[in-house]
Amino acid sequence: HEKLVEQSENVAWSPRALRINQWRYSGSLDADLVTRAVCAGFINQPDACKGLAEPHPVLQKINQASGGVSFTSFISTLLIIVVVAMGALFLYKRS
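### Let's talk about the overall build of the protein
Part 1 of the reasoning: Looking only at helices and strands, the protein features five helices and two strands.
Part 2 of the reasoning: For the protein, the succession of helices and strands along the chain, N to C, is α-β-β-α-α-α-α.
Part 3 of the reasoning: The proportion of buried residues among the 95 residues of the protein is 6%.

### Here we look at the state of the cysteines
Part 1 of the reasoning: Going through the model one piece at a time under the given rule, you end up with one disulfide.
Part 2 of the reasoning: Shown here is the disulfide that connects Cys39 with Cys49, its sulfur atoms set 1.9 Å apart. Looking down the S-S bond of the Cys39 and Cys49 bridge, the torsion is -70°, so its handedness is left-handed. One end of the pair, Cys39, is in helix 2 (residues 31–40); the other, Cys49, is in helix 3 (residues 47–50), with 10 residues separating them in the sequence.

### Focus on the confidence of the model for the protein
Part 1 of the reasoning: Taken as a whole, the protein shows an average pLDDT of 78; of its residues, 77% reach a score of 70 or greater.
Part 2 of the reasoning: Confidence, expressed as mean pLDDT per element, reaches its minimum in the protein at helix 4 (residues 57–65) with 54 and its maximum at helix 5 (residues 71–94) with 93.

### What to know about helix 5
Part 1 of the reasoning: Given a rise of 1.5 Å per residue, 24 residues ought to cover 34 Å, and the 35 Å separating the end C-alpha atoms of helix 5 matches this to within 8%.
Part 2 of the reasoning: Buried residues are scarce in helix 5, accounting for zero of its 24 residues.

### A closer look at a nonpolar patch on the surface
Part 1 of the reasoning: A contiguous nonpolar patch, built from Val69, Phe71, Phe74, Ile75, Leu78, Val82, Met86 and Leu89 and spanning about 840 Å² of accessible area, is present on the exposed surface.
Part 2 of the reasoning: Structurally, Val82 is set in helix 5.
Part 3 of the reasoning: Judged by its relative accessible area of 43%, Val82 falls in the partly exposed class.

Conventions we followed
- Residues numbered from 1 in each chain as written.
- Predicted model: local features only at pLDDT ≥ 70, side-chain atom pairs only at ≥ 80, totals over all residues.
- Heavy atoms only, no water.
- Helix = DSSP H or I, 4+ residues; strand = E, 2+ residues; numbered from the N terminus.
- Buried < 20%, exposed > 50% of the residue type's maximum accessible area, 1.4 Å probe, protein only.
- Disulfide = S-S within 2.5 Å.
- pLDDT = per-residue confidence, 0-100.
- Expected span 1.5 Å × (residues − 1).
- Patch = residues over 30% accessible without salt bridge, like charges linked within 9 Å, V, L, I, M, F, W, Y side chains within 5 Å.
- Areas by Shrake-Rupley, 256 points an atom, 1.4 Å probe, with all protein chains shown as cover.
- Salt bridge = Lys/Arg side-chain N within 4 Å of Asp/Glu carboxyl O.

Dropping the structure here:
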């Protein structure tokens, strides 16, 4: 009964509000992500949470797909930016 009274007095900030361990959950309401957030609140995780330690599949795809920029591409782009900036400054000074 006390829990119901407490919940009725503490109005949610949104119709889709979610609190986990008295903290407002502001992430996506994806079932997998919410389950991970709930499991992260345990000091000693139950067996149901043990298999969730792997990174989320979306993050794995991002990490695998991004090889980064090669050093040559970085230096070439930086050089082009410097040359364009110098040209703009030269034209600005002439006028």
